[in-house]
Amino acid sequence: MAFELPQLPYAYDALSPYMSAETLEFHHDKHHKAYVDTGNKLASEAGMGDLSVEEVIKKSYGTHQTLFNNAGQHFNHIHFWNWMKKDGGGTKLPGKLQSAIDSDLGGYDKFKSDFIAAGTTQFGSGWAWLSVKDGKLEISKTPNGENPLVHGADPILGVDVWEHSYYIDYRNARPKYLEAFIDNLINWDYVLERYEAATK
């Protein structure tokens, strides 16, 4: 099935001042669109045009790096837009998610600190993740367009630390961007939806 650029689930200015309309316009309309267009072309040429994005990611991992990068970034961004919402973030998590973070990660404050550390220490471009692996939550980081799907885990929250995700708004202050993401942008209801799907 062909990759398609999804509509943003909010207006371009909805996440301001934590993520500007200018950032979203460039990030969604230019960068994500390029991953979709290039991914479709490469998937078709590789005989994977009828596969889901998840199948393309797993099949191209270690065998077709350019296709893997674009398919990975398409998957990552489909969810990234939904992992944010206006008036999001904060410490009021759905009960089931809070319990899992308490038991698997040592509580919200430790989760926040470790998640920011993962994103801050990812050298160059990449992502920081909260995933379910073997029924437990774990925090990780990956380079470029890679994601936890190829490491036997189901990502339930991810943050983009490519510079195009934050440089217009935060310049080189990546930790400040990550803190704003956690405190003001995370859509915990979507994280819960992903968590329930990964643990059923």
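In case you missed it, the structure is sitting above this.
Residues numbered from 1 in each chain as written. Predicted model: local features only at pLDDT ≥ 70, side-chain atom pairs only at ≥ 80, totals over all residues. Heavy atoms only, no water.

(A) Up close: the packing of aromatic side chains. Across all of its chains, the model carries 13 aromatic pairs by this definition. With a centroid separation of 5.1 Å and 20 degrees between ring planes, the pair formed by Tyr 166 and Tyr 177 is classed as stacked. Placement of the pair is Tyr 166 in the loop between strand S3 (154-160) and helix H6 (167-170) and Tyr 177 in helix H7 (residues 174-185), with a sequence separation of eleven residues. This pair shows no difference in class: Tyr 166 is buried, exactly as Tyr 177 is. Linked through ring pairs, Phe 80, Trp 81, Trp 83, Trp 127, Trp 129, Phe 181 and Tyr 190 together constitute an aromatic cluster. (Phe/Tyr/Trp six-rings, centres within 6.5 Å; stacked < 30°, edge-to-face > 60°. Helix = DSSP H or I, 4+ residues; strand = E, 2+ residues; numbered from the N terminus. Buried < 20%, exposed > 50% of the residue type's maximum accessible area, 1.4 Å probe, protein only.)

(B) Main features of the nonpolar core. One finds Phe 80, Met 84, Phe 111, Phe 115, Leu 137, Leu 157 and Phe 181 to be the most contacted residues of the largest nonpolar core, which totals 46 residues. When residues in this core are grouped by element, the largest group, six residues, is from H7. With residues up to four places along the chain from it excluded, the contact list for Phe 115 reads Ala 128, Trp 129, Leu 130, Ile 139, Leu 157, Val 159, Phe 181 and Ile 182. Listed in part, the 14 residues of the second largest apolar core include Met 48, Ile 57, Leu 67 and Phe 68. (Core = buried A, V, L, I, M, F, W, Y, C linked by side-chain atoms within 4.5 Å. Contact = heavy atoms within 4.5 Å.)

(C) Highlighting the side chain of Gln 122. Secondary-structure assignment places Gln 122 in the loop between helix H5 (108-121) and strand S1 (126-133). The class of Gln 122 is buried, set by a relative accessible area of 8%. Excluding anything up to four places from it in sequence, Gln 122 contacts Trp 127, Lys 141, Thr 142, Pro 143, Val 161 and Arg 174.

(D) Quick peek at the environment of Phe 68. Within the element layout of this structure, Phe 68 appears in helix H3 (residues 65-82). Here the alpha-carbon distance between Phe 68 and Gly 145, two residues 77 residues apart in the chain, equals 7.7 Å. In this view, Phe 68 contacts Ile 57, Ser 60, Tyr 61, Glu 146 and Val 150; residues no more than four positions away in its chain are not counted.

(E) Spotlight on unusual backbone geometry. Residue Pro 17 follows Ser 16 across a cis peptide bond; omega there is 10 degrees. Structurally, Pro 17 is set in the segment before helix H1 (21-45). For Asp 87, which is not a glycine, the phi torsion comes out positive at approximately 60 degrees. When you line up the elements, Asp 87 lands in the loop between H3 and helix H4 (95-105). The class of Asp 87 is exposed, set by a relative accessible area of 68%. Backbone geometry places Arg 171, a non-glycine residue, at a positive phi of 50 degrees. By the element assignment, Arg 171 lies in the loop between H6 and H7.

(F) Representation of the pairing of S1 within the structure. Among the eight residues in S1, seven count as buried, and that is most of the element. With eight bridges joining them, S1 and strand S2 (residues 136-143) adopt antiparallel strand pairing. Note that in S2 the partner of Trp 129 across the bridge is Ser 140. In this structure, the hairpin formed by S1 and S2 is closed by a connection of two residues, where Asp 134 is found at a positive phi of approximately 50 degrees. (Pairing = 2+ DSSP bridges.)

(G) Highlighting the packing of H1 against H3. It is at 8 Å that the axes of H1 and H3 come closest, and there the two elements cross at 140 degrees. Regarding the angle of H1 to H3, the classification is oblique. Between H1 and H3 the crossing geometry is left-handed. Packed against H1, whose contacting residues are Leu 24, His 27, His 28, His 32, Ala 34, Tyr 35, Val 36, Thr 38, Gly 39, Leu 42 and Ala 43, the element H3 presents Thr 66, Leu 67, Asn 70, Gln 73, His 74, His 77, Ile 78, Phe 80 and Trp 81 at the interface. Residues that form the contact of H1 with H3 fall into these classes: ten nonpolar, ten polar and no charged. (Axes fitted to C-alpha atoms, helices over the stretch in contact; angles between N-to-C directions. Parallel < 35°, antiparallel > 145°, perpendicular 65-115°, else oblique. Left-handed = near helix turned anticlockwise from the far one by under 90°. Nonpolar A, V, L, I, M, F, W, Y, C, P; charged D, E, K, R; others polar.)

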